[in-house]
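Summary of structural features
In case you want the letters, here they are:
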Amino acid sequence: MLTLSNIKDFVGRELGVSSWITVDQARINQFADCTGDHQWIHVDVDRAKRESPFRNAVAHGYLTLSLIAPLAMEIGVLPTDAAAGFNYGLDKVRFLAPVKAGARVRLRVVLVGVEPKEANQIVIKTKNTLEIDGSDKPALIAETLALIVPGKAKAVDAGEPR
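My aim in this report is to walk through the structure given alongside it, one point at a time. Just so it is clear, the structure is predicted and the values come from calculations on it, not from any experiment.

As for its placement among the helices and strands, Tyr-88 is situated in strand E3 (residues 82-95). Relative accessible area serves as the criterion here: at 44%, Tyr-88 is assigned to the partly exposed category. Other than its neighbours up to four places away in sequence, Tyr-88 contacts Lys-117, Val-123, Leu-145, Ala-146 and Leu-147.

Here it is as structure tokens:
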């Protein structure tokens, strides 16, 4: 179990692997609607099958990148005694292989570093590899940063002896 007091012990270790999720055409279309990126290679399935070098519609790179947060939460990268975790940035992202519509992906997370900040906050750096089912090459590898805010310590009841 990952806590603020033991998190440094996990540096260099894999924190876990998520379950598989399917990146279907409906998800790709919803992402296109949210972002306004309706490039044919993502949303025109018939044309993509005919003209795309991948012979299929593919997910947006930023859609695959956006899957890191929910899959990392599933793994449990947020220490159990933290009040909250916030996106703090990205150090490096590489999109290595397309995710075809209908493909399954999962996330593998390694804790790379822990940096103390003021007010007992920390920034954690993780290496995130989004794997594609049946592919030797991952969809992406991203080094992400998260600001972790500690939970409030439990108040001591004034009526209880110490």
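We are not done yet, so read on.
Core analysis: the biggest nonpolar cluster contains 37 residues, and Leu-15, Val-23, Val-99, Val-105, Leu-107 and Leu-130 have the highest contact counts within it. Secondary-structure elements contributing two or more residues to this core are strand E2 (21-23), helix H1 (25-35), helix H4 (61-66), helix H5 (68-75), strand E4 (103-116), strand E5 (122-132) and strand E6 (140-150). Considering each element in turn, this core owes the most residues, 5 residues, to E4. Beyond its immediate chain neighbours, meaning those up to four positions away, Val-99 contacts Val-23, Ala-57, Val-58, Ala-59, Thr-64, Val-105, Ile-132 and Ala-139.

Taken as a whole and judged by the stated rule, the model has 1 aromatic pair. An angle of 90° between the planes, with centres 6.1 Å apart, marks the rings of Tyr-62 and Phe-95 as edge-to-face. With Tyr-62 in helix H4 and Phe-95 in strand E3, the pair connects residues that are 33 residues apart, well separated along the chain. For Tyr-62, a relative accessible area of 59% corresponds to the exposed category.

The residue Thr-3 is located in the segment before strand E1 (14-17) in this model. Among the residues examined, Thr-3 registers a relative accessible area of 16% and is labelled buried. Here the side chain of Thr-3 touches Ser-5 through a polar contact of 3.1 Å, side chain to side chain. Not counting chain neighbours up to four residues away, the residues in contact with Thr-3 comprise Pro-79, Thr-80 and Asp-81.

To continue, consider the side chain of Asn-56. Summarising the element assignment, Asn-56 is placed in the loop between helix H3 (45-51) and H4. Ignoring anything within four residues of it in the chain, the contact list for Asn-56 reads Ile-41, Ala-48, Lys-49, Lys-100 and Ala-101.

Mapped onto the fold, Pro-138 is located in the loop between E5 and E6. C-alpha separation for the pair Pro-138 and Glu-118, spaced 20 residues apart in sequence, amounts to 36 Å. If we ignore the near neighbours within four places in the chain, the residues touching Pro-138 are Leu-96, Ala-97, Thr-129, Leu-130, Glu-131 and Ile-132.

Cut-offs and rules
Residues numbered from 1 in each chain as written. Predicted model: local features only at pLDDT ≥ 70, side-chain atom pairs only at ≥ 80, totals over all residues. Heavy atoms only, no water. Helix = DSSP H or I, 4+ residues; strand = E, 2+ residues; numbered from the N terminus. Buried < 20%, exposed > 50% of the residue type's maximum accessible area, 1.4 Å probe, protein only. Contact = heavy atoms within 4.5 Å. Core = buried A, V, L, I, M, F, W, Y, C linked by side-chain atoms within 4.5 Å. Phe/Tyr/Trp six-rings, centres within 6.5 Å; stacked < 30°, edge-to-face > 60°. Polar contact = N/O pair within 3.5 Å; in protein donor to acceptor, adjacent residues only side chain to side chain.

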